[in-house]
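Structure at a glance
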Amino acid sequence: MTGKLAKAVRNPGVALAYALSVARGHWVRVSCRVRGVRFEAGRNLRVGGRLVVRGPGRVVFGDDVIVERTVTPWTYAADAVIEVGSRSFLNGTSFGCAERITIGERAILSDVSISDTDFHSLHVDRHRADAPVRVRPVVIGTNVWVGARAGVLPGTTIGDNAVVGFGAVCRGRLRGDMIYVGNPAQAVRPVPGSAAERPATDAPA
């Protein structure tokens, strides 16, 4: 008996949930293809909750992406691209993309709102059809964890291994290996075990 089969025999409920999530992943692929939605996913997409893909742009998932709760990668332009790296975990994440949102591998994203556009103009005459609307790409690095109810605003870059706390509002460039909290998000301490936590090596005499 193989290792995977033995685990399935010992934990049939877990094995069933796994099989159902893989089946839902296949169904999302088929449904998007039938509807003409531009969605691509690598191997072993697992959908334990709901994955609702909408809009004219492209949504691209890597291998082994896991979806829980309701995840909404929505695009608002034909050239828009949402890209999620392999082995990432999306847990109620919402995306609003008019240009590009890029998520690195092994990201953990809770019910965070990520947008590369303000959707409406900040200008006083914002009701004009030609009022300018800010659109700036968003980049979230490898192994980043963004906690519940956080917001990632247009033009934000979050460096590798960073952790963003509950309700934080991210804007600008957040360097990697740090923990961020607050509005606007501010670095409070290094991520344990990261390069930022280790003291700098003394210069040679």
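Residues numbered from 1 in each chain as written. Predicted model: local features only at pLDDT ≥ 70, side-chain atom pairs only at ≥ 80, totals over all residues. Heavy atoms only, no water.

Considerations on the overall build of the protein chain
- Assigned secondary structure in the protein chain consists of two helices and 21 strands.
- Contacts in the protein chain between residues far apart in sequence, at least 24 positions, make up 18% of those at least 6 positions apart.
- Of the charged side chains in the protein chain, 27 are positive and 17 negative, and the gap between their average positions amounts to 7 Å. (Helix = DSSP H or I, 4+ residues; strand = E, 2+ residues; numbered from the N terminus. Contact = heavy atoms within 4.5 Å. Lys, Arg positive; Asp, Glu negative; His and termini not counted. Charge placed at Lys NZ, Arg CZ, Asp CG, Glu CD.)

So, the sheet that holds strand 20 (residues 178-181)
- Strand order across the open sheet formed by eight strands is 2-5-8-11-14-17-20-21, with mixed pairing between neighbours. Each having just a single partner strand, strand 2 (46-47) and strand 21 (186-190) make up the two edges of the open sheet.
- Bridge analysis of strand 5 (residues 66-68) against strand 8 (residues 89-91) gives three bridges, and the strand direction is parallel. If you follow Ile66 over to strand 8, its bridge partner there is Phe89. (Pairing = 2+ DSSP bridges.)

Here's the deal with the sheet that holds strand 6 (residues 70-75)
- Taken in spatial order, the six strands line up as 3-6-9-12-15-18 in an open sheet, and their pairing is parallel. At either margin of the open sheet sits one strand with a lone partner, and together these are strand 3 (50-51) and strand 18 (169-170).
- Bridge count for strand 15 (residues 151-152) against strand 18 is two bridges, and the pairing is parallel. The residue bridging Val152 from the neighbouring strand is Cys170, located in strand 18.

Thoughts on the packing of aromatic side chains
- Taken as a whole, this structure holds two aromatic pairs when the rule is applied.
- A ring pair is formed by Phe39 and Phe61, whose centres lie 5.3 Å apart and whose planes are at 85°; its orientation type is edge-to-face. On the criterion of sequence distance, the pair formed by Phe39 in strand 1 (residues 38-41) and Phe61 in strand 4 (residues 58-61) is long-range, its members being 22 residues apart.
- Ring geometry for Tyr76 and Phe119: centres 5.1 Å apart, planes at 80°, overall edge-to-face. Here Tyr76, found in the loop between strand 6 and strand 7 (81-84), pairs with Phe119, found in the loop between strand 12 (113-115) and strand 13 (138-140); they are 43 residues apart in sequence, far enough to count as distant. (Phe/Tyr/Trp six-rings, centres within 6.5 Å; stacked < 30°, edge-to-face > 60°.)

As for the side chain of Ser110
- Here Ser110 is to be found in the loop between strand 11 (108-109) and strand 12.
- Ignoring sequence-local partners within four residues, the contact set of Ser110 consists of Arg69, Asn91, Gly92, Thr93, Val146, Gly147 and Ala148.

Quick word on the environment of Val28
- Note that Val28 resides in helix 2 (residues 12-35).
- Between the C-alpha atoms of Val28 and Phe39, which are 11 residues apart in sequence, the distance is 8.8 Å.
- Setting aside residues no more than four positions away along its own chain, Val28 makes contact with Phe39, Val47 and Leu51.

Section: the pattern of salt bridges
- Applying the stated rule across the entire model yields eight salt bridges.
- Arg43 is the partner of Asp63 in a salt bridge, and the nearest nitrogen-oxygen pair spans 3.1 Å. Highlighted residues: Asp63 in the loop between strand 4 and strand 5 and Arg43 in the loop between strand 1 and strand 2, separated in sequence by 20 residues.
- Arg43 sits in the exposed class, given a relative accessible area of 60%.
- Glu83 is the partner of Arg100 in a salt bridge, and the nearest nitrogen-oxygen pair spans 2.6 Å. A residue pair is termed long-range when its members are at least 10 positions apart, and Arg100 in strand 10 (residues 100-103) and Glu83 in strand 7 qualify at 17 residues.
- With a relative accessible area of 33%, Arg100 lands in the partly exposed category. (Salt bridge = Lys/Arg side-chain N within 4 Å of Asp/Glu carboxyl O. Buried < 20%, exposed > 50% of the residue type's maximum accessible area, 1.4 Å probe, protein only.)

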